[in-house]
Amino acid sequence: MSEHDAGQSRRRADNVAMGIGLSVLAIIIFGVQDAVSKSLVQTHSPFQIAMVRFWAFAAFSLWLVSRQAPLRQAFRSRFPVLQVARAVLLVIDIWAFAMALRTVPLAELQAVVLVYPLLATLMAIPILGERVGVFRLLAVAVGFAGALVIVRPGGLPIDGGVLFALLSAATYALYIALTRKVSAVDSTATSMVYAGVGGLVLTTAVGVFFWTPFEGEALWQMAFMTVSSTAAHGLMTVALARAPASTLQPFNYLALPWGIFLSYQFFGHLIDPVALVGGAVIVGAGLVVMARERHLSRAGRNTAPSVAEEETPPH
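In this text the structure is predicted, and so the values were computed from the model without any measurement.

How each quantity is defined
- Residues numbered from 1 in each chain as written.
- Predicted model: local features only at pLDDT ≥ 70, side-chain atom pairs only at ≥ 80, totals over all residues.
- Heavy atoms only, no water.
- Helix = DSSP H or I, 4+ residues; strand = E, 2+ residues; numbered from the N terminus.
- Contact = heavy atoms within 4.5 Å.
- Areas by Shrake-Rupley, 256 points an atom, 1.4 Å probe, with all protein chains shown as cover.
- Expected span 1.5 Å × (residues − 1).
- pLDDT = per-residue confidence, 0-100.
- Phe/Tyr/Trp six-rings, centres within 6.5 Å; stacked < 30°, edge-to-face > 60°.
- Buried < 20%, exposed > 50% of the residue type's maximum accessible area, 1.4 Å probe, protein only.
- Core = buried A, V, L, I, M, F, W, Y, C linked by side-chain atoms within 4.5 Å.
- Patch = residues over 30% accessible without salt bridge, like charges linked within 9 Å, V, L, I, M, F, W, Y side chains within 5 Å.
- Salt bridge = Lys/Arg side-chain N within 4 Å of Asp/Glu carboxyl O.
- Axes fitted to C-alpha atoms, helices over the stretch in contact; angles between N-to-C directions.
- Left-handed = near helix turned anticlockwise from the far one by under 90°.
- Nonpolar A, V, L, I, M, F, W, Y, C, P; charged D, E, K, R; others polar.
- Polar contact = N/O pair within 3.5 Å; in protein donor to acceptor, adjacent residues only side chain to side chain.
- Lys, Arg positive; Asp, Glu negative; His and termini not counted.
- Parallel < 35°, antiparallel > 145°, perpendicular 65-115°, else oblique.

What to know about the overall build of the protein chain
Inference 1: On a plain count of helices and strands, the protein chain comes out with 13 helices and zero strands.
Inference 2: Secondary structure elements in the protein chain, listed N-terminal to C-terminal, are α-α-α-α-α-α-α-α-α-α-α-α-α.
Inference 3: Summarising the internal contacts of the protein chain: among those between residues at least 6 apart in sequence, 90% fall at separations of at least 24.
Inference 4: Carbon and sulfur atoms make up 68% of the accessible area of the protein chain, which amounts to about 14,300 Å² in all.

Put into structure tokens, the structure is as follows:
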């Protein structure tokens, strides 16, 4: 290998290492944000909180896109209906996750919502026309069994919180599948603008009816969530520019052990050992599905992009 080639290899390795580091940092920030959000949703409406967060997210999206191209150009889409549907799904995901935070312990909630890559794999069949073989279907079934272990009799009560957690996972999985669909013809800038502005319009249309002033500790909590959410999205954007999504995706599962730690530190809650096993099964199944999709992609047998390879859910 020439000295020039060796230098390029080192730079690529350095970029990937930086991408992984930034991705992990974003996951850490998202986890702390979830813990703060769990406290905040006890006193304020999830609709109001989502509205304020989307104000910040929309501003960040518009600023980021405007640095690359005229905003008018970014709003041009070949699939405007699907782009609007993506925005609606993202808002429902955040609403549902916040509603689940009210009653479901943080650790168990993180474990349940991690079924989203498995759901996305199934949704790829009708939406992307992807063929999913027996191997991946079996892994998906095992992952769902892990979710059932968490909500088993004597585990999490089957109440609104658990249903909201499952709704959050399902809507985010559908959001991923539609994102892959539109990415074939629309730019990343277009998808980001539609998600930010569409979410801003929808959350504001609903959130204004649930407005109560943020005072004292709640004000600081909301300020932290707004800043941290923007920072984490920015870090993840840079991470994805430095390293492939397929390289970063496995690190997203660090959200589970981090959620377990934060759940204990913030709320004194220790995850049930059996629920922990269920969470481990979900993570294992997700990693197996992802590895299988990477193998098929390299072999040229899976032409659609892997829907299991996505960024961390923006909770």
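Comments concerning helix H12 (residues 255–267)
Inference 1: When the terminal C-alpha atoms of H12 are compared, their 17 Å separation across 13 residues agrees well with the 18 Å that a helix rising 1.5 Å per residue should span.
Inference 2: Backbone geometry just downstream of H12 places Gly268 in the positive-phi region, at approximately 65°.

Observations concerning the confidence of the model for the protein chain
Inference 1: Across the protein chain, the average pLDDT comes to 84, with 86% of residues at 70 or higher.
Inference 2: A low-confidence stretch, residues 302–310 (pLDDT under 50), is modelled with 36 contacts involving residues beyond four sequence positions or located in other chains.

Topic: the packing of aromatic side chains
Centre-to-centre distance and the angle between the planes together describe a pair of aromatic rings.
Inference 1: Tallying each qualifying case throughout the model produces 10 aromatic pairs.
Inference 2: With a centroid separation of 5.5 Å and 25° between ring planes, the pair formed by Tyr172 and Tyr175 is classed as stacked. Placement of both Tyr172 and Tyr175 in helix H8 (residues 160–182) is noted, with a separation of three residues, approximately one turn of the helix. The pair Tyr172 / Tyr175 is uniform in exposure class, with both members buried.
Inference 3: For the ring pair Trp258 and Phe261, a centre distance of 5.4 Å and an interplane angle of 15° mean the geometry is stacked. With a gap of three residues between them, Trp258 and Phe261 both fall in helix H12, about one helical turn apart.
Inference 4: Its relative accessible area of 43% is what places Phe261 among the partly exposed residues.

Quick notes on the nonpolar core
Inference 1: In terms of nonpolar packing, the biggest core is built from 57 residues, with Leu40, Leu90, Leu109, Leu114, Tyr116, Tyr175 and Met222 touching the most fellow members.
Inference 2: Beyond its immediate stretch of four places on either side in the chain, Met222 contacts Leu40, Ile49, Val52, Arg53 and Phe214.
Inference 3: Core analysis: the next-biggest nonpolar cluster, separate from the first, contains 10 residues, Leu22, Ile29, Leu235 and Met236 among them.

Some words on a nonpolar patch on the surface
Inference 1: Taken together, the side chains of Val208, Phe209 and Phe210 present a nonpolar region at the surface, about 340 Å² in accessible area.
Inference 2: Along the polypeptide, Phe209 turns up in the loop between helix H9 (188–207) and helix H10 (217–242).

Considering the packing of helix H4 (residues 80–101) against helix H5 (residues 106–113)
Inference 1: Two elements in contact, H4 and H5, have axes whose closest approach is 10 Å; the angle formed by their N-to-C orientations is 145°. For the pair H4 and H5, the sense of crossing is right-handed. Counted together, Phe97, Ala100 and Leu101 of H4 and Leu106, Leu109 and Val113 of H5 form the full contact between these two elements.
Inference 2: In terms of residue class, the contact of H4 with H5 is made up of six nonpolar, no polar and no charged.

Observations concerning the side chain of Thr121
Inference 1: Topologically, Thr121 is positioned in helix H6 (residues 116–128).
Inference 2: A polar side-chain atom of Thr121 sits 2.9 Å from the main-chain carbonyl oxygen of Pro117.

A short note on the side chain of Asp186
Inference 1: Its place among the elements puts Asp186 in the loop between H8 and H9.
Inference 2: Among buried charged residues, Asp186 stands out as having no salt bridge; its nearest opposite-charge side chain is Arg78, 6.3 Å away.
Inference 3: A distance of 3.0 Å separates a polar atom in the side chain of Asp186 from the backbone nitrogen of Arg78.

Quick notes on the environment of Phe57
Inference 1: Mapped onto the elements of the fold, Phe57 is located in helix H2 (residues 46–66).
Inference 2: Assessed through its relative accessible area of 15%, Phe57 is described here as buried.
Inference 3: In the structure, Phe57 is positioned 143 residues away from Leu200 in sequence and 8.2 Å away in space, judged by C-alpha atoms.
Inference 4: Once residues lying within four places of it in the same chain are set aside, the contact partners of Phe57 are Ala195, Gly196 and His233.

Considerations on the packing of H2 against H9
Inference 1: Contact geometry for H2 and H9: axes closest at 8 Å, N-to-C directions at 150°. Accordingly, the angle class assigned to the pair H2 and H9 is roughly antiparallel. Classified by chirality, the crossing of H9 by H2 is left-handed. Across from Phe47, Gln48, Ala50, Met51, Phe54, Trp55, Phe57, Ala58, Ser61, Leu62, Leu64 and Val65 in H2, the residues of H9 making contact are Ala189, Met192, Val193, Ala195, Gly196, Val197, Gly199, Leu200, Thr203, Thr204, Val206 and Gly207.

Points about the environment of Ala85
Inference 1: Within the secondary structure, Ala85 is located in helix H4.
Inference 2: For Ala85, a relative accessible area of 26% translates into the label partly exposed.
Inference 3: Between the C-alpha atoms of Ala85 and Thr179, which are 94 residues apart in sequence, the distance is 9.9 Å.

Re the environment of Lys181
Inference 1: Note on placement: Lys181 falls in helix H8.
Inference 2: The spacing of Lys181 and Ala124 is 57 residues in sequence and 9.3 Å in space, taken between C-alpha atoms.
Inference 3: Once you skip the residues sitting within four places of it in the chain, Lys181 turns out to touch Phe79, Leu82, Ile127 and Leu128.

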